[in-house]
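# Per-entry structural report
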Amino acid sequence: MDTEMEKLIDDIWNSSLNKIASKESRVARPSLGDELDLSMPQGRTLSLLAANPSLAALIYHSAYLSANRNAYIIMRKLNMPPDYFWKFEFWPKERALETMQRVINRVFTAIMNQNKEGILALDDIDIEHMRFVISFRDCAECAGIKAQKAICYYHAATFAGIFSALLCKDMDGYETKCMANGDNACIFVLGKKDDPEISVKTGNYLAPTKLSIKMAERMSESLHGNPLRSTGNMVSIQYYQLMITNSIISNPGLFASSSINIGQEYGMRLADVLRDFYKESSLGVITKYYNQMHYLDVSVKESGPDIEIEIKECAELSSVLQKRELVSFLLGELHGLVSALTGQQWTMKEKSFGGNGLFIRLSPKV
Amino acid sequence: MIATLLLPEKLTGVYIAVIEPLALLIGGIMAILVARLYAKQLKTTFVFLAIYLTIYALALVIIPLIQNNLGDYFGIFVLSVQLVNYAALVLFCVYLLKVVDIRKLDVMGWVMFAATFLVSTFLAVYPMLFYNGWDLTLNTLSFAIVRIMDALLIIILMPVIWLYIQHLKAQQKQSLTFTLVIAGIVISTLFDYLFQTLILIFPNLLPTGSHIVEVVPDMLYIFGYLVIVVGLYAHLKQDEWGFQMIDKMLG
């Protein structure tokens, strides 16, 4: 695991906690604001997943560890007694459900509401087997997506990590219903890692499966502003950063190189959607699209034979960590977009970072 | 507890006669309330603790009142009450061991366990081994049973306290308030023996004829019972207090 990225994840969790405690009102992006369209995190993670089905298990693993670590830190910061859930397996169901619901709602539902990740609720507890049923309405991971199977790996892992930290037990979780399959809410079952039913079903859930998701339709929905969930189509930049970081943290170097190619393909498909929506093929659609999605403040201009792309308020970089690996998908996406919109091949001649900005120069491929 | 030592000699007896059973009775009621927080073995554990504390409280009140009416049967009655009470406490320990996994003791824990075993066994049997004229009467039998049972309880309960200390350093898996309850039982059982041993080894520690020699054991009992009461009360309030902490921090 990349320790710098781990620190970034911990900072994001800490900032979320400070926000629900009203101790922080910092706006990371003064112009675009701290929210962006849902299709941004979805487009990136689902494209990576479609290209590499085994990524599901990697996202799950890193999201589990980061949620576990941070839930523990949060509970200590909130001065919650470490033995608060002592001998939980001996609690009557009523007390267990009521107490756990209170804590989850006050802390973790509040954090996720603020991040517009979805509406978390603990629905049921099976004390005898230590299993928990969680519903997650308006899930940011899959709202508006149509898939053949349940796909909310990040949230399955996050919930398992949070419960593991609260109960000091190793837990796992899988999804039984998913909004991507047409269900009203995503439903997760969590249980102990050594529970055979839980381990088998989690294993099946994370088993690499080829996904074919119609991202063009999904992007079109966002461009038309069709409402996809009751909490709106925007999601916090912090959630986006957590998703991206957890997707690549296990091997940032390797993911960065593959992300460029996957991003390039994604950008080429995106160009068709933008042409269709904006009814034009100029490079100006890039600025319009990213502004509309609240993702980037980008300007694209021709400079002699080259194309210069200047990016401000990049969602990936609006944090203390300036990791090139985090923007590799974006670099590929912009490259693909420009190539498809101009009908010409380009090479990336220059790229530089500064603040939360990025400068790219593309030159015609000889 | 301090009041026990500071009160005038005439009042000390009354004070002890009221506070001791009262603390036990409050402990019994709280143990029942705590039992309602749990299910299965842990619920049973607290029910037996409640039975133990309540019987003890009632015995302290009733026995002096009926002492004269029982005549020759007084000794048998007291022994029977003690046996029933110890049965409740032993069952408390048995269920406790089912819940608290002492197999997870570290090396230091096992060393402490062995030391506790040796010390407790010594404290239990030394009067029987070293005193001449030991006859098998109802009184001596009662005396021996009580000492052996007390030693057994300490041997069982000490690892629970050590488990807490051990986990405090590791993952904080043990309950502070529950450990406090156990510590109260250990204090009320063990400290009197330690005090008696101390007086035996250092006979000039207290002035000859001082009423403190008789008051200190009661003071230690009251201290132990109050620790149990405080532990149970905090255990009872833990959900509420824990959540208030979170609420306060989140504003």
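Structure: above.
Overview of the structure. This is a predicted model, so every value here is computed, not measured.

It is worth spelling out the overall build of chain A at this point. What chain A contains, in helices and strands, is 11 helices and 10 strands. Its C-alpha radius of gyration of 21 Å places chain A within 12% of the 21 Å reference for a compact globule of 366 residues. For chain A, the C-alpha atoms occupy an extent of roughly 75 × 40 × 35 Å along the three principal directions. Counting across all 366 residues of chain A, residues that qualify as buried make up 58%. For chain A, the accessible area works out to roughly 13800 Å², and carbon and sulfur atoms hold 51% of it. Between the mean site of the 40 positive side-chain charges and the mean site of the 43 negative ones, chain A shows a separation of 1 Å.

Okay, the pattern of salt bridges next. In this structure the tally under the stated criterion is 21 salt bridges over all chains. Between A:Asp11 and A:Lys7 there is a salt bridge, with its nearest N and O atoms 3.3 Å apart. Remark: A:Lys7 and A:Asp11 occur in helix H1 (residues 3-20); sequence separation between them is four residues, near one turn of the helix. Judged by relative accessible area, A:Lys7 falls into the exposed class, the value being 52%. Between B:Glu240 and B:Lys237 there is a salt bridge; the shortest N-O distance is 3.4 Å. Taken together, the residues B:Glu240 and B:Lys237, both in helix H8 (residues 212-250) and three residues apart, mark about one turn of the helix.

The next point concerns the pairing of strand E8 (residues 306-312) of chain A. Residue and element names in this part refer to chain A. Of all seven residues in E8, five are buried, a share of seventy percent or more. Two elements, strand E7 (residues 297-303) and E8, share seven bridges in a ladder whose sense is antiparallel. Its bridge partner lying in E8, Lys301 is registered against Glu308. In this structure, the hairpin formed by E7 and E8 is closed by a connection of two residues, where Gly304 is found at a positive phi of approximately 65°. As paired strands, E8 and strand E10 (residues 357-364) are joined by five bridges and run antiparallel to one another. Paired with Ile307 across the two strands is Leu362, which belongs to E10.

Let's shift gears to the packing of aromatic side chains. Counted according to the given criterion, the structure contains 26 aromatic pairs over all chains. Centre to centre, the rings of A:Trp86 and B:Phe178 are 4.7 Å apart; their planes meet at 35°, and the pair counts as tilted. Here B:Phe178 lies in helix H7 (residues 176-201) and A:Trp86 lies in the loop between helix H3 (55-77) and helix H4 (93-114), a pairing that spans two chains. Take B:Phe178: its relative accessible area is 1%, and that puts it in the buried class. Note on A:Phe159 and A:Phe188: the rings are 5.1 Å apart at their centroids and 80° apart in plane angle, and the pair reads as edge-to-face.

Moving on to unusual backbone geometry. All names here are of chain A. Of note, the phi angle at Asn79 is positive, near 60°, even though the residue is not glycine. On the secondary structure map, Asn79 appears in the loop between H3 and H4. The backbone of Glu313 sits at a positive phi, close to 55°, despite the residue not being glycine. Of note, Glu313 is situated in the loop between E8 and helix H11 (328-342). Since its relative accessible area comes to 8%, Glu313 is described here as buried.

All names here are of chain A. In space, the four strands of this open sheet follow the order E2-E3-E5-E4, with antiparallel pairing throughout. Edge strands, defined here as strands with exactly one partner in the open sheet, are strand E2 (119-126) and strand E4 (171-177). Direction aside, the axes of adjacent strands within the sheet are offset by 25° on average. By the bridge criterion, six bridges tie E4 to strand E5 (residues 186-192) in an arrangement that is antiparallel. Pairing of Met171 across the sheet is with Lys192, part of E5.

Criteria and cut-off values
Residues numbered from 1 in each chain as written. Chains lettered and ligands numbered in written order. Predicted model: local features only at pLDDT ≥ 70, side-chain atom pairs only at ≥ 80, totals over all residues. Heavy atoms only, no water. Helix = DSSP H or I, 4+ residues; strand = E, 2+ residues; numbered from the N terminus. Rg over C-alpha atoms; globule rule 2.2 N^0.38 Å. Buried < 20%, exposed > 50% of the residue type's maximum accessible area, 1.4 Å probe, protein only. Areas by Shrake-Rupley, 256 points an atom, 1.4 Å probe, with all protein chains shown as cover. Lys, Arg positive; Asp, Glu negative; His and termini not counted. Charge placed at Lys NZ, Arg CZ, Asp CG, Glu CD. Salt bridge = Lys/Arg side-chain N within 4 Å of Asp/Glu carboxyl O. Pairing = 2+ DSSP bridges. Phe/Tyr/Trp six-rings, centres within 6.5 Å; stacked < 30°, edge-to-face > 60°. Axes fitted to C-alpha atoms, helices over the stretch in contact; angles between N-to-C directions.

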